[in-house]
Amino acid sequence: MIDTIKIYTMINKNTYDKIYHNSILKTSYNQKDGEIYYEIVNDKLEGSYSSSLSVRVGCGSKYKFVDMYYLEIEGSYHKIIRGYNSHNGFYNLTKIVKWLIGAVEYSYNINLPNLNHWFLQRIDIAIVFDLGSNDKVRKYINNLSFCNYPRRNIKHYQDESIYTSGTTTTLKIYNKMLEFRKHDIKKLFNSNFNIDSYLEEIKGFIRFECEIKKKKLEDIYNKKYIRVKNVIYEDLKKVWSDEFMKLLKMFESDLTIVRNKDDIERRLNTCFSSTRARNLYNFYCSIMLDGVTNVKNRTSKTVFYKNIKDLKSVNIDLSQRFKLNLESNIIDFNPFECREVV
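Residues numbered from 1 in each chain as written. Predicted model: local features only at pLDDT ≥ 70, side-chain atom pairs only at ≥ 80, totals over all residues. Heavy atoms only, no water.

Examining the overall build of the chain
- In terms of regular secondary structure, the chain is built from 12 helices and 10 strands.
- Considering only intrachain contacts with a sequence separation of at least 6, the fraction spanning at least 24 residues in the chain is 70%.
- Within the structure as shown, the chain displays about 17400 Å² of accessible surface, and the carbon and sulfur contribution to it stands at 47%. (Helix = DSSP H or I, 4+ residues; strand = E, 2+ residues; numbered from the N terminus. Contact = heavy atoms within 4.5 Å. Areas by Shrake-Rupley, 256 points an atom, 1.4 Å probe, with all protein chains shown as cover.)

Concerning the nonpolar core
- By size, the foremost hydrophobic cluster in this structure holds 60 residues, and its most contacted members are Ile5, Ile123, Ile206 and Phe208.
- In this structure, isoleucine 5 is in contact with Ile73, Glu74, Gly75, Leu93, Ile96, Val97, Leu100, Leu120, Arg122 and Ile123, ignoring residues within four places of it in sequence.
- Listed in part, the 18 residues of the second largest apolar core include Phe304, Ile308, Val314 and Leu318. (Core = buried A, V, L, I, M, F, W, Y, C linked by side-chain atoms within 4.5 Å. Buried < 20%, exposed > 50% of the residue type's maximum accessible area, 1.4 Å probe, protein only.)

As for helix α12 (residues 301-313)
- Across its 13 residues, α12 extends 18 Å between first and last C-alpha, which sits within 8% of the 18 Å expected from 1.5 Å per residue.
- Listing the buried residues of α12 in full gives Phe304, Asn307, Ile308, Asp310 and Leu311. Buried residues of α12, viewed axially, fall in a sector of 165°; they line one side. Opposite the packed face of α12, turned more than 90 degrees from it, sit the exposed residues Lys301, Thr302, Lys309, Lys312 and Ser313.
- Residue asparagine 315 follows α12 closely and has a positive phi angle near 65°. (Expected span 1.5 Å × (residues − 1). Arc of directions from axis to C-beta.)

So, the side chain of threonine 169
- Secondary-structure assignment places threonine 169 in strand β9 (residues 169-175).
- Note on threonine 169: relative accessible area 0%, which makes it buried.
- In terms of polar contacts, threonine 169 uses its side chain to reach the side chain of glutamate 243, at 2.7 Å.
- Among residues more than four places away in sequence, those in contact with threonine 169 are Arg152, Thr164, Cys210, Glu211, Ile212, Lys213, Lys216, Val239 and Glu243. (Polar contact = N/O pair within 3.5 Å; in protein donor to acceptor, adjacent residues only side chain to side chain.)

Observations regarding the environment of serine 165
- By the element assignment, serine 165 lies in strand β8 (residues 161-165).
- Owing to a relative accessible area of 37%, serine 165 belongs among the partly exposed residues under this scheme.
- Residues serine 165 and lysine 155, spaced 10 residues apart in sequence, show a C-alpha to C-alpha distance of 9.0 Å.
- The residues contacting serine 165, other than those within four sequence positions of it, are Arg152, Asn153, Thr170 and Lys213.
- Polar contacts involving the side chain of serine 165 include one to the side chain of threonine 170, which spans 3.2 Å.

Some thoughts on the side chain of serine 86
- Topologically, serine 86 is positioned in the loop between α2 (77-82) and α3 (93-108).
- Among the polar contacts made by the side chain of serine 86, one reaches the side chain of histidine 87 at a distance of 2.7 Å.
- Within the structure, serine 86 has its side chain in polar contact with the side chain of tyrosine 198 (distance 2.6 Å).
- The residues touching serine 86, leaving out its near neighbours within four places in the chain, are Met1, His78, Val128, Lys176, Tyr198, Ile202, Phe205 and Arg207.

Regarding α3
- Between its first and last C-alpha atoms α3 spans 23 Å; for 16 residues at 1.5 Å apiece the expected length is 22 Å, and the two agree.
- Within α3 the residues assigned to the buried category are Leu93, Ile96, Val97, Leu100, Ile101, Ala103, Val104 and Tyr108. Down the axis of α3, the sector holding all buried residues measures 155°, keeping them to one side. Set apart from the buried face of α3 by more than 90 degrees, the exposed residues are Lys95, Lys98 and Tyr106.

Topic: the environment of glycine 166
- For glycine 166, the location among the structural elements is in the loop between β8 and β9.
- A relative accessible area of 15% places glycine 166 in the buried class.
- For the pair glycine 166 and glutamate 211, spaced 45 residues apart in sequence, the C-alpha to C-alpha distance is 9.7 Å.
- Beyond its immediate sequence surroundings of up to four residues, glycine 166 is in contact with Arg152 and Lys213.

Some thoughts on unusual backbone geometry
- Of note in the backbone geometry, aspartate 67 takes a positive phi value of approximately 55° without being a glycine.
- Along the chain, aspartate 67 turns up in the loop between β4 (53-59) and β5 (69-76).
- With a phi angle near 55°, asparagine 109 is a residue other than glycine that sits in the positive phi range.
- On the secondary structure map, asparagine 109 appears in the loop between α3 and β6 (119-130).
- A residue is classified by how much of its surface remains accessible, and asparagine 109, at 65% relative accessible area, is exposed.

Treat this as a map of the structure, not an account of what it does.
Here it is, written out as structure tokens:
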């Protein structure tokens, strides 16, 4: 589903002046279960959890608009309309953009260019899965804390999230219930929104969010200016899939990953001689208990990379590090085979 987007267009001086001199506005959207408020701000959004709508104007030279000005709109239609963005989302970019344009026109009493003249700067694609309990969500996120991504730093927040930022995409895996408690719950206290029922519904929700930046959009469509009307959701979903496959070290050709300790031991004994299987199994357990860095430091380079190569050749997953009780921390979950919560 589509979450936060950032779009921009060319405007004249008259429109620029109207927006620039009316920088503090507040509006609201009524829905059956209460009144959800959102703010129009003239600055960047606080984060993907924000229910504000950012409206910014400036000199057109930023986008190479000659003798004109630019208007940027950034926000989550999903968050504004629903009050939450865990599920029950939206997939039609054109409809979302039309609504955002209309909201800004109404708030500032102006006329803006039609859809043909709007361009996409950034878009977030999020897919949510239900693991059944928050304990499983926490374990899955904590197990991923030692995964690697070439040329990227991984930030891990215990029980809450995995975060990695790059020049083309930013990836986030997070505990939706904890994120809601941290950022959204206070906003809904005075509405008719049933918070207790919602918390029970999302207790097992884990969210995989891919922020697709302008550089990546240019690569997908081979154009400098990406017109909103030309963007296809399936193209964005493919970026989501490709990026998370890299992060989780999964491959389309083989998504059956061995994570269970006993299964690993049996698989090694099937694929290798008993001596080699025992050595590889001990090596694998050392990595799970002590971490790749520690094992690498105390193992010869030749042996280390030979063992890694042999484990990968039989599709043994090294993306997760488990604690002493290995079986209790295994979460049998594959985001590429599970059904999305809609």
